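# Coordinates in review
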Amino acid sequence: MIRVVAAKPLSDSVIWVRFSDGVEAEIDLCDELHGPVFEPLRDPGYFRKVKVNHDSHTVVWPNGADCAPEFLY
């Protein structure tokens, strides 16, 4: 099972992630930020609040928005 082990924002809609198998990627989420939970992420300052939830092994934001490792991989 692939897990996110590290993440950081790179720009207004791009995050860098490292997965449990060692793969690293830069992922542009610009086209994915639709719907009520993802709209706040269109604000660059809010988008930069991305963190890794080490219980669910995915990236999350304070409002509950998240992206599963399978989606990101």
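Refer to the structure printed above.
Remember, it's a predicted structure, so these values are computed and weren't measured experimentally.

### Looking at the nonpolar core
The biggest cluster of nonpolar side chains holds 18 residues, and the ones touching the most others in it are I15, L29, L41, V59, W61 and L72. With three residues, the top contributor of residues to this core is strand β2 (residues 14-19). In this structure W61 touches L29, L41, Y46, F47, K49, V50, D66 and C67, once residues within four positions along its chain are discounted.

### Let's talk about the side chain of T58
Position of T58 relative to the elements: it lies in strand β5 (residues 58-60). On the basis of relative accessibility, which here comes to 4%, the residue T58 falls in the buried class. A distance of 3.4 Å separates a polar side-chain atom of T58 from the backbone nitrogen of A68. Sequence-distant contacts of T58, that is, excluding residues within four places in its chain, are made with V4, K51, V52, N53, D66, C67, A68 and P69.

### Thoughts on the packing of aromatic side chains
Here the structure, examined in full by the defined rule, presents two aromatic pairs. Summarising the aromatic geometry, the rings of F19 and Y73 are spaced 4.8 Å apart at their centres and angled 80° between planes, so their arrangement reads as edge-to-face. Taken together, the residues F19 in strand β2 and Y73 in the segment after α2 (69-72) connect sequence positions 54 residues apart. By relative accessible area, F19 is classed as buried at 2%. Both rings, one in F47 and one in W61, keep their centres 5.6 Å apart while their planes meet at 40°; by these two values the pair is tilted. Here the residue F47 occupies a position in helix α1 (residues 44-47), and W61 occupies one in the loop between β5 and β6 (66-67), the gap between them amounting to 14 residues. What makes F47 buried here is its relative accessible area of 0%. Geometry around W16 places K8 over its ring, the cationic atom sitting 5.4 Å from the centre.

Basis of the calculations
- Residues numbered from 1 in each chain as written.
- Predicted model: local features only at pLDDT ≥ 70, side-chain atom pairs only at ≥ 80, totals over all residues.
- Heavy atoms only, no water.
- Core = buried A, V, L, I, M, F, W, Y, C linked by side-chain atoms within 4.5 Å.
- Buried < 20%, exposed > 50% of the residue type's maximum accessible area, 1.4 Å probe, protein only.
- Helix = DSSP H or I, 4+ residues; strand = E, 2+ residues; numbered from the N terminus.
- Contact = heavy atoms within 4.5 Å.
- Polar contact = N/O pair within 3.5 Å; in protein donor to acceptor, adjacent residues only side chain to side chain.
- Phe/Tyr/Trp six-rings, centres within 6.5 Å; stacked < 30°, edge-to-face > 60°.
- Lys NZ or Arg CZ within 6 Å of the ring centre and 35° of its normal.

Worth remembering: the numbers are spatial, not functional.
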